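If you want the building blocks of each chain, they are given just below.
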Amino acid sequence: MTATENEATTEESNETLVSRRSLFRGGLGLGAGVALGGVLAACSSGDGSAGGSNGDDPIDVDNVDAEDPLRGSNETNMQGKTVEMGFAVLAGWPPSQAAVELYPEFAKYAKEKFGYTTTVKKTEAGFDKLFQQLAPGLSSGSQENNIMISDSQWLGAFAERDWIVRAEDVYAINPDLDLDPYSSLVRKTYQEYPDGSGTRWGFPQMPDTQGLFMRLDMLEDEANQTAFEEQYGKKLPTTYEEFEPMTMVEYEEIFEFFNRPEEGMHGTAMMYGKDYDSFSCAYHPYAYTTGDIWNPETGEVIGFLNTDDHATALEYFVSLQKYQPPGSEANGIGTMIDLFTEEKVFSAMQWLAVGLAMDGDGKLEGKILAVPHPKFEFPDGSIDVIGAMGGQPWVINKFNDDDHMRVAIDFLRWWYSDDAQAKFEDAGGLPWTADKVNAEGFEDSKYYARAFKEMLGEDKSRDFWHLPQYAELLAIQQEAYNKYAADPDAFDPKRVLDFIAVKQQEILLDNGVTDVAIPDELKDITLE
Amino acid sequence: MTKPMTAPTRRSGKDTAKTAGYYSLLWVVAILFFLPILWIVMAAFKSNTAILNTDYLFTPTLDNIKSVFDRPNVTSQFISSLYLSIGSVILAVAVSFPAAYAFSRWKFAYTDFLMFLLLSTRMVPAAAAIVPMLLMFNLFGLRNPFGFFLLYTSFSIPFSVWILKGFIDGVSERFDETAMVNGASRLHVMFKVVLPQVKPGLVAAFIFNLIFVWNEYLFNFSIGSEGVRNVPYGIANGLVDSGGNVDWGFLAAMSSLYLIVPMLMIFLFQRYLLVGMTFGTVRGDV
Amino acid sequence: MTTTPISTSDTELPAGPGATASNKTKSPKKSKSSASGHRSPWFGRSLLAPVLAFFIALNVIPTVWMIGLGFYKYTLNLGDPRYVGTDNFTDIFTDQELWGAFSRTLIFMVSAVGIEVSLGAAIGFLFWGSSKMPGRRLALTLMFAPMVMAPIASGQFWKLIYEPSFGVINDLLGKVGVDPISFLTDPDWAFRAVLFVDVWMWTPFMILMTLAALGSVPSAELEAAEIDRLNSFERIRYVIWPNGKFILMLGVLLRTIDAFKTTDLVQTMTEGGPGDSTEFVGFALFRQAFNSLNLGYSSAVALVLLIIAIAFTSIYLYVLNLSRSK
């Protein structure tokens with residue numbers, strides 16, 4: 001049984017059938033009788049291992065057929081055809097929407113070059129929902145969405161289920177698509193699964209890093225300058241160069257200075273929200289200062305996430321709420337924009353790619369200074385920062401039929417062309433290749449480009465888990481962190497971290513990611 | 001004012017001022033409930049800044065309404081909402097009527113049990129029903145308008161059967177018997193004799209279920225696909241505008257427009273709705 | 001004014017045993033009538049067929065499927081179903097979060113239904129006999145609006161209305177010198193804030209049911225009550241309650257079931273937060289099923305909840321039946 005299915009997975013159409021059949025077994029079969037269903041489901045689990053084994057088996061480049069769809073179209077094989085492509089993109093995230101908006105340009109290119117007509121339709125959902133929107137279709141082998149945006153954490157889930165084409169295979173056949181990234185962060189964040197394996201699945205679409213947006217006009221204001229000097233005995237900084245080396249503790253004075261609730265103005269805004277990864281990404285730079293949040297090698301969370309240093313970091317991060325408008329426990333990307341553009345806060349910690357929207361449709365144009373994430377003192381005494389990575393790769397649906405697969409490859413080829421990338425940047429996109437990020441004038445191309453480049457530097461940022469279990473892991477920590485943020489006096493930060501670590505490690509244990517058992521004294525931990 | 005025939009005596013209605021006060025009180029209660037919606041409708045005519053600054057006085061703008069029609073996805077979501085809800089509810093009422101008639105007239109031994117089973121479908125938390133539904137829809141390729149048409153019909157059946165059975169119970173069997181003695185067929189009795197008498201029940205079943213399907217979100221979100229996406233899905237997913245923040249004006253415009261249909265329904269068919277919810281037992285003043 | 005003609009009115013009906021209000025939808029009412037010779041049971045059954053077909057295809061099969069899935073570990077993004085026996089069910093008993101959500105839901109359900117029923121009944125009574133009120137139809141339409149607005153939209157806007165920096169409530173509070181309150185992120189407030197919105201949304205439904213219940217009270221009985229000079233309490237006890245209770249209690253039942261299932265509202269308003277203070281069992285289940293994609297475990301949870309809901313409803317209907325037969 002397993003052997004035949006292993007073979008079947010090489011044929012896409014069969015694969016669809018197989019997975020439908022397996023659903024039938026795993027579903028109707030179960031309904032008919034649980035005992036019988038057990039036997040049937042045991043058979044169908046062959047699918048999973050088939051997918052896994054596929055990943056170890058690199059493509060034989062020399063023997064790839066000239067008509068192989070992974071090559072994309074040639075002059076003849078797509079002539080006169082009409083293909084409607086399905087794109088899955090993030091709702092309200094301009095860089096991801098840009099692909100759909102620029103699609104007519106690609107259609108023109110495809111018509112001229114390969115002679116086919118193509119249109120696009122999009123499926124869209126927010127960050128916290130897009131994967132969940134795609135999974136049901138993919139699990140039935142649907143090619144409803146031919147090209148999908150994947151948040152970096154979803155790579156593992158896509159790859160593990162064998163729902164997407166390996167970028168590695170595409171690169172092997174089309175070396176021209178394998179571009180040189182600005183830093184290894186691009187590969188680690190948007191492409192590689194499992195971590196460190198060197199196998200790439202995703203195609204970088206939009207890179208993103210963290211920064212701080214401040215009101216330049218308020219910094220430069222004479223009265224503020226004088227008052228600050230009087231109050232703190234030092235000059236109020238106004239330039240990128242002055243801010244760049246500053247630590248969060250130094251920033252606190254500035255937040256405190258501008259925190260004037262009686263005037264409806266607060267010092268800063270940060271994300272403590274429960275939705276998706278709001279809290280986690282905002283908090284992680286504080287934790288990364290003293291270590292990672294888990295051990296990718298052994299799969300351990302306990303002893304990594306819940307160190308005393310991390311507890312101090314968590315407590316500190318939450319304590320910064322004192323410079324922020326009330327209700328920060330619900331803050332996410334959108335709230336940052338609203339608070340900043342409606343002039344309720346002096347500054348906001350935000351993804352740099354959102355820079356386009358932070359000027360409130362031009363209302364604050366020229367009045368904003370964007371700098372890298374504030375720094376921290378590391379255990380060795382150095383002053384630095386490791387931010388959280390944002391951004392997303394493309395992934396290509398494995399169930400695409402030949403025509404759709406060709407168009408998908410054609411699209412990528414067009415997308416990475418200088419012409420298309422220039423248009424993408426005009427629409428608010430950010431580049432990730434070495435030549436584009438290093439290009440002269442890039443740092444001045446947008447007011448947030450310089451900070452973005454700085455944070456994309458080697459070891460300047462870090463992504464967390466590409467595990468298929470990410471959704472569950474994330475939900476656990478988002479809820480616990482948010483609970484703590486909403487009522488910091490009621491909880492011991494160390495206990496919050498212990499709780500998260502135990503719950504996460506339980507999941508990893510269940511899934512065989514780790515074999516390190518949970519220590520007895522932590523086993524029954526609760527968060528009440 | 002003369003006292004309504006069935007009204008309780010406490011409002012004897014001789015005192016005009018008292019009556020006016022009473023009616024004003026009712027109006028105040030009604031408006032209190034409507035206030036939050038008024039705030040939303042107002043937001044549909046405000047700029048985003050005016051919304052976020054809680055402006056009470058503002059220069060109305062039609063930009064938001066226009067932007068609703070500018071988005072192609074939104075138009076198709078409105079269309080999906082319309083045909084999915086109206087179509088499935090009509091089908092549900094159409095199959096529920098014969099069933100309700102049969103339950104009422106044949107008095108099968110298992111009627112009570114079946115009626116309870118039907119109602120029990122309402123007890124399943126939506127998220128619970130979605131999981132097997134997802135697998136089933138995947139398996140049979142039903143994640144399309146046809147599948148949702150069936151799904152929403154099945155949502156609407158239980159309540160339709162309950163309401164209609166109540167109404168048909170209220171139509172004496174002597175009507176049936178008289179007609180059949182005079183040679184009418186059972187179908188004739190059903191559709192020509194009984195059906196006209198339970199019109200409020202039909203309309204109430206229709207409206208009640210329409211509102212439910214109209215606002216259905218979880219199934220649409222979780223297992224829908226292109227072509228099935230309705231406006232609640234659009235509201236949830238299109239919350240954010242091109243900038244990454246919530247486009248409140250657009251959201252308000254879309255929600256307000258979407259509210260027009262059910263509001264019109266309860267305005268136009270209010271009496272049917274009130275009478276319908278009596279399950280055919282109306283004999284007083286609603 | 002509401003002048004739409006309706007065909008159902010007691011005056012048109014020949015008085016028959018089937019026409020008593022309190023004896024409607026349940027239990028066979030009378031022995032087979034003389035017309036039974038006309039009916040073929042198969043014809044009657046065939047009338048049920050379409051409804052049963054829908055019921056079997058879209059309710060029974062998925063439910064059986066769900067029961068089966070409950071015995072499997074099946075996470076959509078991890079792999080194919082794996083039979084784990086009753087593991088999922090034993091996990092449920094030790095799932096503190098789930099039981100936390102469950103008890104929270106019960107508190108929510110009892111408070112929401114309690115408030116909605118009392119408020120709905122009170123306002124319903126208030127509106128009873130206002131048929132000559134100018135613009136009554138419009139007033140009722142406005143009042144019913146909260147329950148016909150898409151919950152997903154209501155939730156989103158209430159989030160804005162409650163917002164400390166941008167919300168209208170805090171703006172008004174600010175005008176009278178009250179510091180902003182983080183209604184949805186303060187653990188002391190969030191539950192109550194969500195409850196308030198639920199009450200706002202669903203009290204109109206109980207008003208509707210109250211009006212319908214009052215509408216099923218025969219005018220003649222009310223007139224008799226008047227002649228007998230019954231006081232208000234007696235009138236409710238002996239005239240209104242016996243006639244209206246079935247409809248009213250059906251309203252209570254529907255609200256109870258729906259409050260138990262509350263999902264849409266918290267999803268948009270709080271995502272169950274802050275922490276887990278508004279995480280209700282319907283939403284917790286939804287997150288298990290569609291955030292974590294744990295189809296097997298969530299099926300098991302769903303089954304347990306379904307059994308609880310059915311048990312609850314059966315007891316409820318049993319009590320209702322009992323009170324009816326007395």
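Residues numbered from 1 in each chain as written. Chains lettered and ligands numbered in written order. Predicted model: local features only at pLDDT ≥ 70, side-chain atom pairs only at ≥ 80, totals over all residues.

*Asks:* Could you clarify how one ought to interpret the overall build of chain B in this entry?
*Replies:* Across its full length, chain B carries 14 helices and zero strands. Traced from its N-terminal end to its C-terminal end, chain B shows the element sequence α-α-α-α-α-α-α-α-α-α-α-α-α-α. Seen along its three principal axes, the alpha-carbon backbone of chain B occupies a region of about 70 × 70 × 30 Å. The burial tally for chain B puts 57% of its 286 residues in the buried class. Relative to all contacts within chain B whose residues are 6 or more apart in sequence, the contacts with residues 24 or more apart total 75%. (Helix = DSSP H or I, 4+ residues; strand = E, 2+ residues; numbered from the N terminus. Buried ≥ 20, exposed ≤ 12 C-beta atoms within 10 Å, placed from the backbone. Contact = placed C-beta atoms within 7 Å.)

*Asks:* What's the story with the overall build of chain C in this structure? I'm lost.
*Replies:* When its secondary structure is counted, chain C shows 12 helices and two strands. When its helices and strands are written in sequence order, chain C yields α-β-β-α-α-α-α-α-α-α-α-α-α-α. Residue burial in chain C is summarised as follows: out of 326 residues, 52% are buried.

*Asks:* So what exactly am I meant to see when it comes to helix 17 (residues 333-341) of chain A here?
*Replies:* Because each turn of an α-helix spans 3.6 residues, side chains separated by three or four positions in sequence point in the same direction. Burial analysis of helix 17 of chain A places nine of its nine residues in the buried class, which makes it a mostly covered element. Within the sequence span of helix 17 of chain A, burial applies to Ile333(A), Gly334(A), Thr335(A), Met336(A), Ile337(A), Asp338(A), Leu339(A), Phe340(A) and Thr341(A). Buried residues along helix 17 of chain A sit in contact with strand 5 (210-215) and strand 6 (347-351) of chain A together with helix 2 (48-52) of chain B. Looking one or two residues beyond helix 17 of chain A, the residue adopting positive phi is Glu343(A), at roughly 60°.

*Asks:* Before we go on, may I ask you to explain helix 10 (residues 199-214) of chain B in this structure?
*Replies:* Taking 1.5 Å as the rise per residue, helix 10 of chain B with 16 residues should run 22 Å; its terminal C-alpha atoms sit 22 Å apart, in good agreement. Of all 16 residues in helix 10 of chain B, 13 are buried, a share of seventy percent or more. (Expected span 1.5 Å × (residues − 1).)

*Asks:* Help me understand the confidence of the model for chain B in this model?
*Replies:* For residues with low pLDDT, the predicted coordinates do not support detailed interpretation. Residues and elements named next belong to chain B. Averaged over every residue, the pLDDT of chain B is 87; the share at 70 or more is 91%. The least confident element of chain B is helix 6 (residues 126-140), whose mean pLDDT is 84; the most confident is helix 1 (residues 16-43), at 94. Low confidence marks residues 1-11, where pLDDT is under 50. Its contacts with residues over four positions away, or in another chain, come to 24 contacts. (pLDDT = per-residue confidence, 0-100.)

*Asks:* Teacher, can you tell me more about the interface of chain C and chain B here?
*Replies:* Frequently, the measure chosen for interface size is the accessible area removed from exposure when the parts meet. The partner chain B presents 106 residues to the 103 residues of chain C that form the contact. A per-element tally of the side of chain C that touches chain B places helix 1 (residues 41-69) of chain C first, with 16 residues. Here the side of chain C that touches chain B is built from residues that sort into 67 nonpolar, 26 polar and 10 charged. (Nonpolar A, V, L, I, M, F, W, Y, C, P; charged D, E, K, R; others polar.)

*Asks:* I would appreciate a short explanation of the pairing of strand 4 (residues 203-208) of chain A in the present structure.
*Replies:* Every other side chain in a regular strand lies on the same face of the sheet, so the side chains alternate between the two faces. Residues and elements named next belong to chain A. Among the six residues of strand 4, six are classified as buried, and the element is accordingly described as predominantly covered. Where strand 4 lies against strand 11 (residues 390-396), five bridges are found, and the strand directions are antiparallel. Pairing of Phe 203 across the sheet is with Trp 394, part of strand 11. (Pairing = 2+ DSSP bridges.)

*Asks:* What is the right way to read the environment of Glu216(B) from this model?
*Replies:* Residue and element names in this part refer to chain B. The residue Glu 216 is located in the loop between helix 10 and helix 11 (218-223) in this model. For Glu 216, a count of 27 C-beta atoms within 10 Å puts it in the buried group. Residues within four places of Glu 216 in sequence aside, it is in contact with Tyr 152 and Pro 232.

*Asks:* Can you walk me through the nonpolar core in this structure?
*Replies:* Generally speaking, nonpolar side chains in soluble globular proteins are found buried as a group. One finds Ile130(B) and Leu285(C) to be the most contacted residues of the largest nonpolar core, which totals 343 residues. Broken down by element, the residue count for this core peaks at 15 residues, all from helix 7 (residues 190-215) of chain C. Setting aside its immediate chain neighbours within four residues, Ile130(B) contacts Leu218(B), Phe219(B), Ser222(B), Ile223(B) and Ala289(C). (Core = buried A, V, L, I, M, F, W, Y, C linked by C-beta atoms within 7 Å.)

*Asks:* Whenever I open this one, the sheet that holds strand 2 (residues 117-125) of chain A confuses me. Can you help?
*Replies:* Think of a sheet as strands paired side by side through backbone hydrogen bonds, with each pair either parallel or antiparallel. Residues and elements named next belong to chain A. Spatially, five strands are ordered 2-1-3-11-4 in an open sheet, and the strand pairing comes out mixed. Two strands bound the open sheet, and with one partner strand each, they are strand 2 and strand 4. For this sheet the average axis-to-axis angle between neighbouring strands, irrespective of direction, equals 15°. Examined bridge by bridge, strand 3 (residues 147-149) and strand 11 share three bridges and lie antiparallel to one another. Counterpart to Ile 149 in the pairing with strand 11 is Trp 394. Across the sheet, helix 5 (residues 94-101) lies against strand 1 (82-90), strand 2, strand 3, strand 4 and strand 11, angled at about 170° from strand 1, the strand it touches most. (Axes fitted to C-alpha atoms, helices over the stretch in contact; angles between N-to-C directions.)

*Asks:* Help me understand the pairing of strand 6 of chain A in this model?
*Replies:* All names here are of chain A. Most of strand 6 sits out of view: five of its five residues are buried. Summarising the sheet, strand 5 and strand 6 pair through five bridges and their orientation is antiparallel. Of the residues in strand 6, the one forming a bridge with Gly 211 is Gln 350.

*Asks:* What should I look at first to understand the sheet that holds strand 5 of chain A in this one?
*Replies:* All names here are of chain A. Read across the sheet, three strands follow the order 6-5-7 without closing on themselves; strand pairing throughout is antiparallel. Across the chains shown, the open sheet's two edge strands, defined by having one partner strand only, are strand 6 and strand 7 (368-372). Mean inter-strand twist for the sheet, computed between neighbouring axes without regard to direction, equals 30°.

*Asks:* What's the story with the packing of helix 3 (residues 63-70) of chain B against helix 13 (residues 248-268) of chain B in this structure? I'm lost.
*Replies:* The geometry of a pair of packed helices is captured by two quantities: the angle between their axes and the separation between those axes. Residues and elements named next belong to chain B. Where helix 3 meets helix 13, the closest approach of the two axes is 8 Å, and the angle between their N-to-C directions is 75°. With respect to helix 13, the element helix 3 is oriented roughly perpendicular. The segment helix 3 lies against helix 13, with Asn 64, Ile 65, Ser 67 and Val 68 engaging Gly 249, Phe 250, Ala 252, Ala 253, Met 254 and Leu 257. Across the contact of helix 3 with helix 13, the residue classes break down as seven nonpolar, three polar and no charged. (Parallel < 35°, antiparallel > 145°, perpendicular 65-115°, else oblique.)

*Asks:* Got a minute to help me understand the environment of Gly327(A) in this structure?
*Replies:* Within the secondary structure layout, Gly327(A) lies in the loop between helix 16 (308-319) and helix 17. A tally of 27 C-beta atoms within 10 Å means that Gly327(A) is categorised as buried. Taking the C-alpha atoms as reference, Gly327(A) lies 8.7 Å from Ala486(A); in sequence the two are 159 residues apart. Residues within four places of Gly327(A) in sequence aside, it is in contact with Glu163(C), Pro164(C), Ser165(C), Ser182(C) and Thr185(C).

*Asks:* I would appreciate a short explanation of unusual backbone geometry in the present structure.
*Replies:* Glycine aside, residues mostly have negative phi, and peptide bonds are mostly found in the trans state. Of the consecutive residues Tyr193(A) and Pro194(A), the connecting peptide bond is found in the cis state with omega at -10°. Tracing the backbone through its elements, the reader meets Pro194(A) in the loop between helix 10 (184-190) and strand 4. In this model, Gly273(C) is joined to Pro274(C) through a cis peptide bond whose omega is 0°. Examined against the element boundaries, Pro274(C) turns out to sit in the loop between helix 10 (264-269) and helix 11 (281-291). Here the phi dihedral of Tyr276(A) falls at roughly 45°; this positive angle occurs in a residue that is not glycine. Residue placement: Tyr276(A) occurs in the loop between helix 14 (248-258) and helix 15 (278-288). We classify Tyr276(A) as buried; it has 23 C-beta atoms within 10 Å.

*Asks:* Hey, could you run me through the environment of Thr247(A) in this one?
*Replies:* Residue position: Thr247(A) is located in the loop between helix 13 (240-243) and helix 14. As for Thr247(A) and Ile383(A), which are separated by 136 residues in sequence, their C-alpha atoms are 7.3 Å apart.

*Asks:* So what exactly am I meant to see when it comes to the confidence of the model for chain C here?
*Replies:* Residue and element names in this part refer to chain C. Per-chain confidence: chain C averages 84 in pLDDT, with 87% of residues scoring 70 or above. Overall, residues 1-37 carries pLDDT values under 50, and its contacts beyond four positions in sequence, including any with other chains, amount to 67 contacts. Of the two predicted TM-score estimates for the complex, the pTM is 0.88 and the ipTM is 0.89.

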